[in-house]
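Fold and contact review
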Amino acid sequence: MFKIALYEPEIPQNTGNIARLCAGTNTELILIGKLGFSLSNKYLKRAGLDYWEHVILKHINNFYEFEETYPKTSFNYAFLTKFSNRYYTEIPTENTILIFGNETSGLPEELRKRFITDCYRIPINNNIRSLNLANSAAIVLYDLLRKID
């Protein structure tokens, strides 16, 4: 089973859409750090529809706690960032956690530098800064599912 981790997500609708994606793919959803919304937010709940009972959801206080709970010795980390030269199609399929930054600033530079060999990108042109977070999660997760199925 894959896992998706969102680092300090800010927009409840994106997180709700990703939760729905996770419910439909048996993918655990991990929220890391400060959230830009309450977990009882009506937009979050609406985006996830009535599928919340099927979402394996964990909220972890910070990245250090994330590393203790999901150690790199047991999991492949795959950080998604536009600052990588490697494509998402190169992400390993064994015990993988897809890690996405927040909607306005992405992943912190500290994490990108520390895990530079674990960073991947979805190619886009220069007309936009980034893709929608929920769309990005779906693109990458379904590519991994395609590889194993």
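Reference entry: report on the structure contained in this document.

Procedures and definitions
- Going along each chain's sequence as written, the residues are numbered from 1 onward.
- Under the rules for a predicted model, residues below a pLDDT of 70 receive no local features and side-chain atom pairs below 80 are neither given nor counted, while totals for whole chains, interfaces and linings still include all residues.
- In computing side-chain properties, one takes all heavy atoms of the structure into account and sets aside hydrogens as well as water.
- Burial here depends on accessible area, computed with a 1.4 Å probe over protein chains only, as a share of the maximum for the residue type. Under 20% is buried, over 50% is exposed, and the range in between is partly exposed.
- Strands are runs of DSSP state E lasting at least 2 residues, helices are runs of H or I lasting at least 4, and numbering of each runs from the N terminus.
- Note on pairing: DSSP must find at least two bridges between two strands before they are called paired.
- Looking down the strands as they point away from you, a crossover is right-handed if its path from the first strand over the helix to the second goes clockwise.

Quick look at the pairing of strand β5 (residues 96-100)
Of all the five residues making up β5, five are buried; the element is thus mostly covered by neighbouring parts of the structure. Because side chains alternate across β5, one face comprises the buried residues T96, L98 and F100, and the other comprises I97 and I99, equally buried. In terms of strand pairing, strand β1 (residues 3-7) meets β5 through four bridges, oriented parallel. Counted as the bridge partner of L6 is F100 from β5. Sheet topology note: the strand β4 (residues 76-80)/β5 ladder contains five bridges and is parallel. Bridging from a neighbouring strand, N76 pairs with T96 of β5.

Side note on the pairing of β1
Among the five residues in β1, five count as buried, and that is most of the element. Side chains K3, A5 and Y7 of β1 all project onto a buried face; the interleaved residues I4 and L6 project onto the opposite face, where all are buried too. Pairing of β1 with strand β2 (residues 28-32) involves five bridges; the strand directions are parallel. Within β2, the residue paired with K3 across the bridge is E28. Handedness of the crossover joining β1 and β2 through helix α1 (residues 12-25): right-handed.

None of the figures reported here should be taken as evidence of function without further support.
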